[in-house]
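Per-entry structural report
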Amino acid sequence: MIHGDVVYELTWDGEVVWRWAAIEHLNPEQVPLNRHFAREHWPMANTVGELADGGVVVGFRSASTTVAVDRADGSVRWRIGPDAHSQQHYPHELPGGNILVFDNGTYRDTTSVPYSRVLEIDPRTGEEVWSYEDNPPQNFYSPYMSSAQRLPGGNTFIAEGSFGRLFEVTPDGDVVWEYVVPEFGSFGRGVGLESSRGAQNSVFRAYRYAAEEIPWL
């Protein structure tokens, strides 16, 4: 048995007002699971967000695929695949329509060394507009979780989630701020894969807020 992902939009009272099932709009032969992932869950959505025009962006980790869904008929407008990113997290739209995404890179086909990147991609052309990676690249790596946020001044705030490292980089890739979470704890029993054993300071996702955005604190 294979469980396929379904996206729901609900009212605050729990009423379903919109539904989208991956199996009804994606072909598993065209959006296959990476061979390292369990076969009973396809294609494993880890991000759902709304686009400026009302469409929906969905990121599928196990298939290394991000899609934009038309809310009216459920059709897929565009698709970013494993040739661009691998096991990614938090793909979301920037002003202007580009997609910012944390590219985890555990099973990237083009290299034998796992490393992570942050990518800005034009989904209409597939062009990589901007990227951040470390040198050597394996110095920046999170096999799971993580996020990236474009800040108003043009810098990018990154959560290297597996290791609890939060940092900010300039458009040229210079690190100008960094914080490592000092608190460690273990996941609950039965949660996570082999990489989730033992105490760790991991962070699923992080956001940076300006003081004027949180005046109540």
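Quick look at the sheet that holds strand β6 (residues 56-60)
Read from one edge of the open sheet, four strands run β5-β6-β7-β8, paired in antiparallel fashion. Each edge of the open sheet is held by one strand with a lone partner, namely β5 (45-50) and β8 (76-80). Here the average twist between neighbouring strands, direction ignored, is 15°. Bridge count for strand β7 (residues 65-69) against β8 is four bridges, and the pairing is antiparallel. In the strand pairing of β8, Ala68 is matched with Trp78.

Points about the pattern of salt bridges
For the coordinates displayed, the defined rule picks out 13 salt bridges. In this structure, the salt-bridge partner of Arg165 is Glu160, at a minimum N-O distance of 2.9 Å. When its relative accessible area of 14% is taken as the criterion, Arg165 is described as buried. Since its relative accessible area comes to 4%, Glu160 is described here as buried. Between Arg208 and Glu168 there is a salt bridge whose closest N-O contact spans 2.2 Å.

Digging into the packing of aromatic side chains
Under the criterion given, the structure shown has nine aromatic pairs. Ring geometry for Tyr90 and Tyr207: centres 5.9 Å apart, planes at 90°, overall edge-to-face. Separated by 117 residues along the polypeptide, Tyr90 in strand β9 (residues 89-93) and Tyr207 in the segment after β16 (175-180) bring together distant segments of the chain. When its relative accessible area of 38% is taken as the criterion, Tyr207 is described as partly exposed. Relative to Phe140, the ring of Tyr132 lies with its centre 5.4 Å away and its plane at 55°, an arrangement referred to as tilted. Overall, Phe140 belongs to the buried group, its relative accessible area being 0%. When the ring centre of Tyr115 is taken as reference, the NZ or CZ atom of Arg108 above it lies at 4.2 Å.

So, the environment of Ala22
Mapped onto the secondary structure, Ala22 falls in helix α1 (residues 22-25). Residue Ala22 is classed as buried on the basis of its relative accessible area of 0%. For the pair formed by Ala22 and Gly74, sequence separation is 52 residues and the distance between their alpha carbons is 9.4 Å. In this view, Ala22 contacts Asp5, Trp42 and Pro43; residues no more than four positions away in its chain are not counted.

A word on the nonpolar core
Counting residues in hydrophobic clusters, the biggest one holds 14 residues, and the most contacted among them are Trp20, Leu26, Val58, Phe60 and Val69. For this core, the secondary structure elements donating two or more residues are β3 (16-21), β6 and β7. Considering each element in turn, this core owes the most residues, three residues, to β6. Setting aside residues up to four positions removed in sequence, Leu26 forms contacts with Trp20, Val31, Trp42, Phe60, Val67 and Val76. Of all hydrophobic cores here, the second largest spans eleven residues; its members include Phe102, Trp130, Ile158 and Val169.

Analysis parameters
- Residues numbered from 1 in each chain as written.
- Predicted model: local features only at pLDDT ≥ 70, side-chain atom pairs only at ≥ 80, totals over all residues.
- Heavy atoms only, no water.
- Pairing = 2+ DSSP bridges.
- Helix = DSSP H or I, 4+ residues; strand = E, 2+ residues; numbered from the N terminus.
- Axes fitted to C-alpha atoms, helices over the stretch in contact; angles between N-to-C directions.
- Salt bridge = Lys/Arg side-chain N within 4 Å of Asp/Glu carboxyl O.
- Buried < 20%, exposed > 50% of the residue type's maximum accessible area, 1.4 Å probe, protein only.
- Phe/Tyr/Trp six-rings, centres within 6.5 Å; stacked < 30°, edge-to-face > 60°.
- Lys NZ or Arg CZ within 6 Å of the ring centre and 35° of its normal.
- Contact = heavy atoms within 4.5 Å.
- Core = buried A, V, L, I, M, F, W, Y, C linked by side-chain atoms within 4.5 Å.

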